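# Observations on chain architecture
As a plain string of letters, each chain reads:
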Amino acid sequence: DVKVTQSSRYLVKRTGEKVFLECVQDMDHENMFWYRQDPGLGLRLIYFSYDVKMKEKGDIPEGYSVSREKKERFSLILESASTNQTSMYLCASTDREQPQHFGDGTRLSIL
Amino acid sequence: EDQVTQSPEALRLQEGESSSLNCSYTVSGLRGLFWYRQDPGKGPEFLFTLYSAGEEKEKERLKATLTKKESFLHITAPKPEDSATYLCAVSPGSNYKLTFGKGTLLTVNP
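So, here is what we can say about the structure in this document. Quick caveat, the model's predicted, so the values are computed rather than measured.

The next point concerns the overall build of chain A. When you go through chain A residue by residue, the secondary structure sums to zero helices and eleven strands. In sequence order, chain A lays out its α and β elements as β-β-β-β-β-β-β-β-β-β-β. Relative to the globule expectation of 13 Å for 111 residues, the C-alpha radius of gyration of chain A, 13 Å, shows essentially globular dimensions. For chain A, the C-alpha atoms occupy an extent of roughly 40 × 25 × 25 Å along the three principal directions. Each of the 111 residues in chain A was classed as buried or not, and the buried ones make up 49%. For chain A, contacts bridging at least 24 residues in sequence account for 54% of all contacts bridging at least 6.

Okay, here's the thing in structure tokens:
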């Protein structure tokens, strides 16, 4: 079974802090994704990566950056956290014709 | 622009009362349509992929069907443990990105 692990289930940070969310997958997948999920808005794609050191903007990249130095790890970075970035963050990975497999999410609160 | 609309937003059923969830979509070249189940506080769990109109997939009490404009998730004789949010997503032909609908919150009462 594919395992996608997000480093924290719950995280509380302050406005202006630099925040790192980590995601690791164990299936050697090429493609990895970061989403945020908000009530009434559904899942929205922030960034994705189709190879090491490669990244592409999703639908809502403003205020975020990403890093993919190793194939199994994809990090989401909030450069200067703001309260409107309080959300559930979900990481996913996939390869070729497989469906995306998701981690259990990080619920991030920015105070 | 790819769009996915799910209806209803919420559905409450009695145990054993069969029903269907709808997913309408517009996409520039469908690579696949995906159904996921999401329990509170957890990530989406993959259920089905459908690739072409007329295709059907089944798993226990769930059956997914696909036409050129929409997909249905039929739930036969549901049980309380089927309570969850069901998400539909489409992938266009050129890459592995997904566009999600907002989901249907299903509650099955005993």
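Here the focus is the sheet that holds strand β7 (residues 64–70) of chain A. All names here are of chain A. Strand order in the open sheet made by the four strands is β1-β3-β8-β7, with antiparallel pairing throughout. Only two strands of the sheet have a single partner each, and these edge strands are β1 (4–6) and β7. Averaged over all adjacent pairs, the angle separating strand axes in this sheet is 20°, with direction ignored. Examined bridge by bridge, β1 and strand β3 (residues 19–25) share three bridges and lie antiparallel to one another. Along β3, the bridge assignment pairs T5 with V24.

Residue and element names in this part refer to chain B. Following the sequence through the fold, H74 ends up in strand β8 (residues 70–75). The exposure class assigned to H74 is partly exposed, which follows from its relative accessible area of 24%. Taking the C-alpha atoms as reference points, H74 and L21, 53 residues apart in sequence, are found 6.4 Å from one another. Setting aside residues up to four positions removed in sequence, H74 forms contacts with S19, S20, R61, L62, K63 and T65. Reaching out from H74, the side chain makes a polar contact with the side chain of T65 at a distance of 3.5 Å.

Let us look at the state of the cysteines. All names here are of chain A. In the structure shown here, the tally under the stated rule is two disulfides over all chains. At a sulfur-sulfur separation of 1.9 Å, the disulfide partner of C23 is C91. Disulfide C23-C91: the torsion about the S-S bond is -75°, which places it as left-handed. Of this pair, C23 sits in strand β3 while C91 sits in strand β9 (residues 87–94); the two residues are 68 residues apart in sequence, bridging distant segments of the chain. For C23, a relative accessible area of 0% corresponds to the buried category. Judged by its relative accessible area of 0%, C91 is buried.

Often, the extent of an interface is quoted as the loss of accessible area on bringing the components together. Residue-level contacts link 21 residues of chain A with 17 residues of chain B. On the surface where chain A and chain B come into contact, there are zero salt bridges. Summed over the shared surface of chain A and chain B, the number is five residue pairs in polar contact (both at pLDDT 80 or more). Broken down by secondary-structure element, the contributors of at least two residues to the side of chain A that touches chain B are β4 (31–38), β5 (42–51) and β9 of chain A. Residues of the side of chain A that touches chain B, tallied by class, amount to ten nonpolar, seven polar and four charged.

Parameters at a glance
- Residues numbered from 1 in each chain as written.
- Chains lettered and ligands numbered in written order.
- Predicted model: local features only at pLDDT ≥ 70, side-chain atom pairs only at ≥ 80, totals over all residues.
- Heavy atoms only, no water.
- Helix = DSSP H or I, 4+ residues; strand = E, 2+ residues; numbered from the N terminus.
- Rg over C-alpha atoms; globule rule 2.2 N^0.38 Å.
- Buried < 20%, exposed > 50% of the residue type's maximum accessible area, 1.4 Å probe, protein only.
- Contact = heavy atoms within 4.5 Å.
- Pairing = 2+ DSSP bridges.
- Axes fitted to C-alpha atoms, helices over the stretch in contact; angles between N-to-C directions.
- Polar contact = N/O pair within 3.5 Å; in protein donor to acceptor, adjacent residues only side chain to side chain.
- Disulfide = S-S within 2.5 Å.
- Salt bridge = Lys/Arg side-chain N within 4 Å of Asp/Glu carboxyl O.
- Nonpolar A, V, L, I, M, F, W, Y, C, P; charged D, E, K, R; others polar.

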